[in-house]
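Structural features, examined
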Number of protein chains: 2
Amino acid sequence: MDVPEVEPAAKPSRGRRKTSADSQVTKDLIVAAAAQEFAQGGYDTTSMRGIARRAGVDPALVHHYFAEKAELFAASLVVPLRPDLILRVVLEGPADAIGESLARAIVTQLRDPVVRSRMISLIHAGLGQEFVATMIRQFVRRELFRRMAKRIGTEDAELRASLVAAQIVGLLIARYGIRMEPLSSADDDDVVARVGPVLQWLLTGEVGTRPG
Amino acid sequence: MDVPEVEPAAKPSRGRRKTSADSQVTKDLIVAAAAQEFAQGGYDTTSMRGIARRAGVDPALVHHYFAEKAELFAASLVVPLRPDLILRVVLEGPADAIGESLARAIVTQLRDPVVRSRMISLIHAGLGQEFVATMIRQFVRRELFRRMAKRIGTEDAELRASLVAAQIVGLLIARYGIRMEPLSSADDDDVVARVGPVLQWLLTGEVGTRPG
């Protein structure tokens, strides 16, 4: 892929106190470099070190602004939602409440029109551009499915996690993207009451039996 | 919306036997006119008569090629899948098997790469262009949700049907569009065994209780 180079930034001089405008510029530069690295190499092979190199800054500076790769990825895609952080909180609760707390967390986050439209744009881009699809694929597997799988513990746990993701993507598209009625106008509480148990069953239900 | 007019076709002369090339041209003309009518007026207000008028053909000729509006809509969007027909077959079976037969029908249809890529393109277009979203919205409500609701019979049946649609859209996007793993490589049978019960619960499960 042909990605233009970022102009390397001057190394931040240690002698002078940076203003917040300075640090915003540096941050933007790192994010721009990250977007290019992810686009070229995909999520898995991109490293914080490689991003620092492309941005022309010290790796420590990258780590100063962004604690981990997932955070930089979210920033580079202008994704205001951090599904990995939501998941971390959800997974701390009891295993038989994951479905409902996940549904609640998703629906609550998607109340924000900015979050909603950016998440939809991301799926839209993923359906149109293969490299975006690849990044989403790698990100969800590494940061979401594997963590959920570890918590669930069954052999098919990653498949279960990916089915949960499919249900959430479908909710995002149908309720907020295409805005199918009456789903689009339904109460958040009603949606949580109907989708929560489904997510829970996908994660821990016995396959071959039937819910309900 | 500014939609170019279709050149009216010469009325088919009754005196001569049409070749199949002729009828393909007429059919294409009707489909082009339908696409324009749907784009201008949406699914609900577009009529077979209006399409015939725009195409410059007799309404009987439109009905000769296309039995109903849903068929013309599918043709105008180059949708090779007729969800309304799939649904008709599924609804003929017992009510407590709708989820599983629907899941089976969807997964089987989506084995065809052409069907798959066109369904994905349709969602992609729906997320990018409001008039496509409007058409999808109207089509699914009239041809799918209301029919399912009639079969299910509860007061919240249309909401249930729209949640089923959300799950199917999510499966389409995650398994075949973004191709999230391990869902993308999972067996059709395995997917049906996991998604079928979910669809069934969404349609007939007791809300407030928990599946499983």
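These notes cover the structure that comes with them. (Residues numbered from 1 in each chain as written. Chains lettered and ligands numbered in written order. Predicted model: local features only at pLDDT ≥ 70, side-chain atom pairs only at ≥ 80, totals over all residues. Heavy atoms only, no water.)

Applying the stated criterion to the full structure yields 26 salt bridges over all chains. Salt-bridge contacts for A:R88 lead to A:E68; the nearest nitrogen and oxygen are separated by 3.6 Å. Of this pair, A:R88 sits in helix α5 (residues 83–92) while A:E68 sits in the loop between α3 (59–65) and α4 (69–76); the two residues are 20 residues apart in sequence, bridging distant segments of the chain. With relative accessibility at 27%, the residue A:E68 sits in the partly exposed group. Here B:R194 ties to A:D156 by a salt bridge, and the two come within 2.8 Å at their closest N and O atoms. Of the two residues, B:R194 is situated in helix α10 (residues 188–204) and A:D156 in the loop between α8 (130–152) and α9 (157–177); the pairing between them involves two chains. A residue is classified by how much of its surface remains accessible, and B:R194, at 6% relative accessible area, is buried. A relative accessible area of 21% places A:D156 in the partly exposed class. (Salt bridge = Lys/Arg side-chain N within 4 Å of Asp/Glu carboxyl O. Helix = DSSP H or I, 4+ residues; strand = E, 2+ residues; numbered from the N terminus. Buried < 20%, exposed > 50% of the residue type's maximum accessible area, 1.4 Å probe, protein only.)

Residue and element names in this part refer to chain B. Within the secondary structure layout, D188 lies in helix α10. Under the relative-accessibility criterion, D188 is labelled buried at 14%. Not counting the four nearest positions on each side in its chain, D188 is found in contact with V107, R111, R175 and Y176. (Contact = heavy atoms within 4.5 Å.)

Once that is clear, we can look at the interface of chain B and chain A. With 51 residues of chain B in contact, the opposing surface of chain A contributes 51 residues. Interface of chain B and chain A: buried area, both sides summed, is about 4,600 Å²; carbon and sulfur atoms make up 71% of it. In this structure, the connection of chain B to chain A is made through four salt bridges. Of the charged contacts in the structure, one is a salt bridge between B:R179 and A:E130, with a shortest N-O distance of 3.2 Å. Taken together, the connections running from chain B to chain A amount to nine residue pairs in polar contact (both at pLDDT 80 or more). Elements that contribute at least two residues to the side of chain B that touches chain A include exactly α7 (113–128), α8 (130–152), α9 (157–177) and α10 of chain B. (Buried area = accessible area lost by both parts, 1.4 Å probe. Polar contact = N/O pair within 3.5 Å; in protein donor to acceptor, adjacent residues only side chain to side chain.)

Burial analysis of α4(A) places six of its eight residues in the buried class, the great majority of the element. Residues of α4(A) that are buried: A:K69, A:A70, A:L72, A:F73, A:A74 and A:S76.

Attention now moves to the relation of the copies chain B and chain A. By a simple turn and slide, chain B fits onto chain A: the slide is 0.0 Å along the axis, the RMSD is 0.1 Å, and the turn is 180°. Look at the turn and shift together and you get a two-fold axis relating the two. Relative to the rotation axis, the C-alpha of B:G170 is the closest in chain B, positioned 1.7 Å from it. Mapped onto chain A, 100% of the interface residues of chain B again fall at the interface, so both copies present the same surface. (Least-squares fit on C-alpha atoms with pLDDT ≥ 70 in both.)

Moving on: the packing of helix α7 (residues 113–128) of chain A against α9(A). Residues and elements named next belong to chain A. Put simply, α7 and α9 touch, their axes get as near as 10 Å, and they point 115° apart. Between α7 and α9 lies a crossing whose hand is left-handed. Together, R116, M119, I120 and I123 of α7 and V169, L172, I173, Y176 and G177 of α9 make up the contact between the two elements. Partitioning the contact of α7 with α9 into residue classes produces seven nonpolar, one polar and one charged. (Axes fitted to C-alpha atoms, helices over the stretch in contact; angles between N-to-C directions. Left-handed = near helix turned anticlockwise from the far one by under 90°. Nonpolar A, V, L, I, M, F, W, Y, C, P; charged D, E, K, R; others polar.)

Let's shift gears to unusual backbone geometry. Residue and element names in this part refer to chain A. Following E181, the chain continues into P182 via a peptide bond in cis, with omega recorded as 5°. With respect to the helices and strands, P182 occurs in the loop between α9 and α10 (188–204). One non-glycine residue with positive phi stands out, namely R179, at about 60°. Along the chain, R179 falls in the loop between α9 and α10.

Once that is clear, we can look at the packing of α10(A) against α10(B). The interhelical angle for the contact between α10(A) and α10(B), taken along N-to-C directions, is 155°, at an axis separation of 10 Å. Accordingly, the angle class assigned to the pair α10(A) and α10(B) is roughly antiparallel. Every pair of crossing elements has a handedness; the one defined by α10(A) and α10(B) is right-handed. Across the interface between the two elements, A:A193, A:R194, A:P197, A:V198, A:W201 and A:L202 of α10(A) pack against B:A193, B:R194, B:P197, B:V198, B:W201 and B:L202 of α10(B). (Parallel < 35°, antiparallel > 145°, perpendicular 65-115°, else oblique.)

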